[in-house]
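# Remarks on the overall topology
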Amino acid sequence: MKENTLITITRQYGSGGREVSEILAKRMGVKRYDRKIVNMAAEKMGQGADIESIVESSYASPETSKPYFQQGGFGRVADYNRRYIEQAKAILAIAKRGEGAVFLGRCADFVLKDCPNHYSFFIYADDDFREQRAKEEYDEKTVKELNAVDEQRRSYYAYYTGRKWGDPQNYDMMINTSKITLEEAADLICQYVEMRQK
């Protein structure tokens with residue numbers, strides 16, 4: 001795998017996508033970025049001490065505002081839009097280092113869509129698998145609660161990218177982790193990237 005490989009992981013809540021991104025980053029010997037992006041954006045905005053409220057409010061997408069992808073430039077925009085812009089700038093700055101990285105969520109697949117050596121993956125799983133993982137990993141959340149988080153992600157993604165979250169056309173590959181181990185999911189991603197880079 002090339003040193004400047006950029007991998008983006010979008011995932012259904014409870015599918016193990018976070019763990020897959022961790023496995024990939026370790027194998028590649030690169031950093032994994034998720035909420036760290038929010039931290040970087042918050043510091044840029046001078047609000048580094050209030051990270052959790054920024055994370056929670058970053059899902060805001062008021063119906064009265066035009067979607068970000070339809071707006072021009074980086075002029076005067078509402079705080080929730082400025083958060084997205086700073087996150088996108090941080091993602092692009094990391095990508096430009098040429099060191100390779102794994103990005104989890106934050107619309108990174110859209111932000112990096114025109115970057116060379118970028119590969120995007122969507123991790124999902126059957127409800128039974130997600131329910132079992134939720135009992136073990138997520139304080140016994142229900143599938144309904146998992147789906148509510150996914151609905152937030154879907155709205156956030158659509159608002160800022162103009163694309164449909166989970167649409168196969170937006171990703172290089174979609175992987176169902178209820179049928180294979182998380183290690184095997186990471187294997188598939190590595191094999192796919194290496195095949196593409198030959």
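Predicted, not measured: the structure shown is a model, and the values here were computed from it.

## Comments concerning the packing of aromatic side chains
On inspection of all chains with the given rule, the structure shows eight aromatic pairs. Between Y84 and Y160, the aromatic rings sit 4.3 Å apart at their centres with planes inclined by 10°, giving stacked as the arrangement. Of the two residues, Y84 is situated in helix α4 (residues 79-96) and Y160 in helix α7 (residues 143-161); the sequence distance between them amounts to 76 residues. In this structure Y84 comes out as buried when scored by relative accessible area, which is 2%. Among the aromatic residues, those joined into a ring-pair cluster are Y84, Y156, Y159 and Y160.

## Section: unusual backbone geometry
Notably, N117 is not glycine yet its phi reads approximately 60°, a positive angle. Mapped onto the secondary structure, N117 falls in the loop between α5 (108-111) and β4 (118-124). Of note, the phi angle at D139 is positive, near 50°, even though the residue is not glycine. Secondary-structure assignment places D139 in the loop between α6 (127-137) and α7. For D139, a relative accessible area of 72% gives the class exposed.

## A few points about the side chain of R130
Here R130 lies in helix α6. R130 sits in the buried class, given a relative accessible area of 0%. Side chain to side chain, R130 and D127 meet in a polar contact 3.0 Å long. At a separation of 3.0 Å, a polar atom in the side chain of R130 contacts the side chain of N147. Apart from the residues within four sequence positions on either side, R130 is in contact with Q12, Y13, G14, S15, A125, V143, L146, N147 and D150.

## Let's talk about α7
If you check α7, its first and last C-alpha atoms are 26 Å apart, about what 19 residues at 1.5 Å a residue would give, namely 27 Å. Among the residues of α7, V143, L146, D150, R153, Y156, Y157, Y159, Y160 and T161 are the ones counted as buried. One or two residues past the end of α7 sits G162, with phi positive at roughly 75°.

## What to know about the environment of E137
Tracing the backbone shows E137 in helix α6. The class of E137 is partly exposed, set by a relative accessible area of 46%. Residues E137 and G16 lie 121 residues apart in sequence; the distance between their C-alpha atoms is 9.7 Å.

## Some points on the nonpolar core
The biggest cluster of nonpolar side chains holds 23 residues, and the ones touching the most others in it are I37, Y84, I91 and F103. Elements represented by at least two residues in this core include exactly α4, β3 (101-104), α5 and α7. Tallying contributions element by element places α4 first for this core, with six residues.

What counts, and at which threshold
- Residues numbered from 1 in each chain as written.
- Predicted model: local features only at pLDDT ≥ 70, side-chain atom pairs only at ≥ 80, totals over all residues.
- Heavy atoms only, no water.
- Phe/Tyr/Trp six-rings, centres within 6.5 Å; stacked < 30°, edge-to-face > 60°.
- Helix = DSSP H or I, 4+ residues; strand = E, 2+ residues; numbered from the N terminus.
- Buried < 20%, exposed > 50% of the residue type's maximum accessible area, 1.4 Å probe, protein only.
- Polar contact = N/O pair within 3.5 Å; in protein donor to acceptor, adjacent residues only side chain to side chain.
- Contact = heavy atoms within 4.5 Å.
- Expected span 1.5 Å × (residues − 1).
- Core = buried A, V, L, I, M, F, W, Y, C linked by side-chain atoms within 4.5 Å.

Function cannot be inferred from these measures alone, as they are strictly geometric.
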